Amino acid sequence: MFDHDVLIIGAGLAGMRAALSARQAGADVAVVTKVHPVRSHSNAAQGGINAALSDRGDDWHDHAYDTVKGSDFLGDQDAIEVMCREAGDEVIAMEHYGVTFNRDEEGKLGTRAFGGQRQARTFFVADFTGQALLHVLYEQIMKEGVRIYEEWFVLRLIVEDGKCVGAVVMEIRSGEIHVIRAKAVIMAAGGLGRVFEPSTNALICTGDGTGLAYQIGAPVMDMEMVQYHPTTLKGSGVLITEGARGDGAYLLNSEGDRFMKTYAPNMMELASRDVVSRSEQTEIDEGRGIDGCVLLDCRHLGERMIRERLSQIAEIAKDFANVDIFTEPIPIQPGMHYAMGGIKADVDGLTPVPGLYAAGEVACVSVHGGNRLGANSLLDTLVFGRRSGVHAADAVKSVSHANLSDASADEDRNRLQGLLDNPEDGGEMFGALRHDLGQSMDKNLAVYRHQAGMEEAVEKIREVRERYRSVYVADKGKTFNTNLIFTLELEFMVDSAETIALSGLERTESRGAHTRTDHPDRDDENWLKHVLVKKTDDGPQIDYLPVVITEWQPEVRSY
Ligand SMILES: Cc1cc2nc3c(=O)[nH]c(=O)nc-3n(C[C@H](O)[C@H](O)[C@H](O)COP(=O)(O)OP(=O)(O)OC[C@H]3O[C@@H](n4cnc5c(N)ncnc54)[C@H](O)[C@@H]3O)c2cc1C
């Protein structure tokens, strides 16, 4: 058994930022991660991070308003204010730690325009901003002596007397199962993109954190709010950054028309993501697409700009779709990208379960509401990761360890052995189940939704859950049993999927990313509230919380 003051699950930007601040505040901190820290999905973030810096003539209130409007008035405005107010200091802190942000002609930190914002306030490192941030944070936590359990997989959160007191973890290299005891646990296990197929997310984004917390009774919130990004590459679904449109690329339909003028005459390609994705889908559905896609045209940006600021997407388009973006437009379509919902948490990361914090994409502090603005997620991970770490380091001073032993993991050892013992006869491997789940979610909970489709998804999810009981794990070995890991992830995916579909059915209006053809209008009278789902012995239970409004009353949302 291992002991730490603060145990952080996840080594993406949220987890490492939390680790750094908790360590600097004097706590004994450990991070557990199922992949090497710099392989976390944060590494794939391309476009940048938002902040309104006052010495550049920007104002955090404007950033907050853009975020509130982007959220379709579902984001909690007190939390949005915290994020936008602290954004500038956070970006500067990262620069001082060593992130080499792009600079402008005068040598000042450079910005690019991003969707749904009236100011260019996205700070960036070419088109690999996430990688730059992640590597710098990794250096910092190594320097501070944070213990990292690398390639260890969390199986379960341990609860004693209603409090979260640690985790049961499998060392992937040896297959051994351990108990890590902690006075506070910060869940920072990232997103759930792969619950949908295809997705822009890495294969490791399987909703483990959502599932782990949900299993111990932590409520999840706004789960119906799933972001489809407007520019994902035809076929593979790999992301083409919004930075391309921010830097001036156009969207065209099969008639060569910049169709966004019909849907968002002011902001055009830089309207909010939900708006652009819906517009593309309408063009495709009405027959002005090409093979299920529309086109992203970068040609007029010129070779120098593309090589300096968008070199990665030039490579992606070439490698994954054989498209030369210097001479051809890129076929793109809306694709699953981000979960606005997650474990309900406050601005210090506290969840309703004592001892459990949540930060990053796995959490719902409610800063993104119905639709996240591009480049607000990296910001969310850093601001709320830092705040969770600070709060947890302080809270553990008055907490002592729970009475656990290595035997606390015996039931988990038995459960895993049971899974390995499932016979081959009649059992399916994880792949078929994962595929069926993902396809049903993409069909029924995409850009446009309706009751019958979401009910079909719920049925499919329950069917997959049933088939999972006899799932067959072909590899019986102890060492790097990825077959077993993928099978375990599937259970978290099924839980995540169910909360998404149930929340979607619950919300009988259209708001942000949740657009229903059977309830096409936003209904502020009845639905200016969050949908929460909690696991109980009688199955998932739905609850509501009002939206927190400070300055900005709901208004008609147009771009
Ligand atoms: C392709 C792409 C591009 C993006 N570009 C941008 C952008 O330009 N700007 C922006 O603001 N946002 C962007 N986003 C969104 C943003 O990158 C993510 O929301 C954010 O990085 C998530 O960070 P995180 O720390 O919450 O989780 P992650 O970085 O996903 O890290 C999760 C961590 O949890 C660990 N983990 C998970 N499950 C377990 C388990 N069972 N046991 C142990 N460890 C576990 C993983 O090993 C990993 O270390 C992008 C997302 C994608 C997919």
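Thresholds, definitions, all that
Residues numbered from 1 in each chain as written. Predicted model: local features only at pLDDT ≥ 70, side-chain atom pairs only at ≥ 80, totals over all residues. Heavy atoms only, no water. Pairing = 2+ DSSP bridges. Helix = DSSP H or I, 4+ residues; strand = E, 2+ residues; numbered from the N terminus. Contact = heavy atoms within 4.5 Å. Axes fitted to C-alpha atoms, helices over the stretch in contact; angles between N-to-C directions. Near = heavy atom within 4 Å. Polar contact = N/O pair within 3.5 Å; in protein donor to acceptor, adjacent residues only side chain to side chain. Areas by Shrake-Rupley, 256 points an atom, 1.4 Å probe, with all protein chains shown as cover. Phe/Tyr/Trp six-rings, centres within 6.5 Å; stacked < 30°, edge-to-face > 60°. Buried < 20%, exposed > 50% of the residue type's maximum accessible area, 1.4 Å probe, protein only. Lys NZ or Arg CZ within 6 Å of the ring centre and 35° of its normal. Domains from an automatic or database assignment. Buried area = accessible area lost by both parts, 1.4 Å probe.

**What about the sheet that holds strand 17 (residues 363-364)?**
And then number 1: A sheet is described by the order of its strands in space; here 5 strands give the open sequence 17-15-10-20-21, paired in mixed fashion. With partners counted over all chains shown, the strands left at the sheet margins are strand 17 and strand 21 (539-546), one partner each.
And then number 2: In this sheet, strand 17 lies alongside strand 15 (residues 342-344) in parallel orientation, the contact comprising 2 bridges. Its bridge partner being in strand 17, I343 is matched across the sheet by A363.
And then number 3: Contacting strand 10 (220-221), strand 15, strand 20 (529-536) and strand 21, helix 5 (residues 208-215) runs over the sheet at an angle of about 65 degrees to strand 20.

**As for the site of the ligand**
And then number 1: The full set close to the ligand counts 37 residues, and S40, H41, S42, E361 and S377 are the nearest of them.
And then number 2: In this structure, an oxygen atom belonging to the ligand sits 3.5 Å away from a main-chain N or O atom of A189.
And then number 3: Within the contact set of the ligand, an oxygen atom lies 2.6 Å away from a side-chain nitrogen or oxygen of E361.
And then number 4: Protein chains bury 98% of the 1,000 Å² of accessible surface belonging to the ligand in isolation.

**Describing the environment of L74**
And then number 1: For L74, the position within the fold is in the loop between helix 2 (60-70) and helix 3 (77-97).
And then number 2: Taking the C-alpha atoms as reference points, L74 and A18, 56 residues apart in sequence, are found 26 Å from one another.
And then number 3: Those residues in contact with L74 that lie beyond four places of it in its chain are D222, M225, S366, G369, G370, R507, R511, K529, H530 and V547.

**What to know about the packing of aromatic side chains**
And then number 1: Per the stated rule, a full pass over the model turns up 8 aromatic pairs.
And then number 2: Between W527 and Y544, the ring centres sit 6.1 Å apart and the planes meet at 70 degrees, which makes this aromatic pair edge-to-face. With W527 in helix 16 (residues 524-527) and Y544 in strand 21, the pair connects residues that are 17 residues apart, well separated along the chain.
And then number 3: On the accessibility criterion, W527 (8% relative accessible area) is buried.
And then number 4: The side chain of R85 reaches across the aromatic face of W60, ending 5.5 Å from its centre.
And then number 5: Across the ring face of Y544, the terminal group of K529 is positioned such that the distance to the ring centre comes to 4.2 Å.

**Regarding the domain arrangement of the chain**
And then number 1: Taken as a whole, the chain is organised into domain 1 (2-225 + 340-406) and domain 2 (226-337).
And then number 2: Here the C-alpha centroids of domain 1 and domain 2 sit 28 Å apart.
And then number 3: If you look at the interface, domain 1 gives 32 residues, while domain 2 gives 28 residues.
And then number 4: Of the roughly 2,300 Å² buried between domain 1 and domain 2 on both sides combined, carbon and sulfur atoms contribute 47%.

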